[in-house]
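Working through the structure, step by step
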Amino acid sequence: MTHSSRRAASDGSAGCVPPPLWGDVPEEVRLQLELLDDAVFAAIDGCAESLQRAATLWKQSAATLDWRLVEESREQYLRYAVDVTRQFEFAPEASLDRMLHAIEVIAFLTKA
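Remember, predicted model here, so these are calculated numbers, not experimental data.

With that settled, the discussion passes to the overall build of the chain. When its secondary structure is counted, the chain shows 4 helices and 0 strands. Element order for the chain, N to C, with α for helix and β for strand: α-α-α-α. When burial is assessed residue by residue, the chain has 36% of its 112 residues classed as buried. When the accessible area of the chain is evaluated, it comes to approximately 6700 Å², of which 57% is carbon and sulfur surface.

Written out as structure tokens, the structure reads:
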């Protein structure tokens, strides 16, 4: 399972439930968003290989998907990336690479 709160637990247990907006989302869109989630959260967590993939998938998704889904994703990613940067502020032993990747994600998410 990704970091995303979009998907319900596959084992039927209580877990994250898709928001109402997701009710009518086609499966291919759902899969695109899951790939985006995986890439963005991995990039924020410091995976250098995921950083470029996340930026590319973000551009594609922002250009092709319903703006409400894009904005919902952006909010989740920004919240997580900001949390990562704040961890470094309060815990100097935190990973500098992770913080820098989080800042790079914030940068591509906020480009006009």
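Before going further, it helps to spend a moment on the nonpolar core. Ranked by internal contacts, the top residues of the largest apolar core, which has 24 residues, are Leu36, Val40, Ile44, Trp58, Tyr77, Val105 and Phe108. Looking at this core element by element, the count peaks at 8 residues for helix H1 (residues 27-44). Once residues lying within four places of it in the same chain are set aside, the contact partners of Leu36 are Ala54, Leu57, Trp58, Ser61 and Tyr77.

Running from amino to carboxyl end, H1 crosses helix H4 (residues 96-109) at an angle of 135 degrees, the nearest separation of the two axes being 7 Å. When the axes of H1 and H4 are compared, the pair comes out oblique. Residues Val40, Ala43 and Ile44 of H1 lie in contact with H4, whose contacting residues are Arg98, His101, Ala102 and Val105. Here the residues of the contact of H1 with H4 are counted per class, giving 5 nonpolar, 1 polar and 1 charged.

Their axes nearest at 10 Å, the elements helix H2 (residues 48-64) and H4 cross at an angle of 10 degrees. The angle between H2 and H4 falls in the class roughly parallel. Between H2 and H4, the contacting residues are Ala48, Leu51, Ala54, Ala55 and Trp58 on the first element and His101, Glu104, Val105, Phe108 and Leu109 on the second. Tallied by class, the residues present in the contact of H2 with H4 amount to 8 nonpolar, 1 polar and 1 charged.

Cut-off values and rules
Residues numbered from 1 in each chain as written. Predicted model: local features only at pLDDT ≥ 70, side-chain atom pairs only at ≥ 80, totals over all residues. Heavy atoms only, no water. Helix = DSSP H or I, 4+ residues; strand = E, 2+ residues; numbered from the N terminus. Buried < 20%, exposed > 50% of the residue type's maximum accessible area, 1.4 Å probe, protein only. Areas by Shrake-Rupley, 256 points an atom, 1.4 Å probe, with all protein chains shown as cover. Core = buried A, V, L, I, M, F, W, Y, C linked by side-chain atoms within 4.5 Å. Contact = heavy atoms within 4.5 Å. Axes fitted to C-alpha atoms, helices over the stretch in contact; angles between N-to-C directions. Parallel < 35°, antiparallel > 145°, perpendicular 65-115°, else oblique. Nonpolar A, V, L, I, M, F, W, Y, C, P; charged D, E, K, R; others polar.

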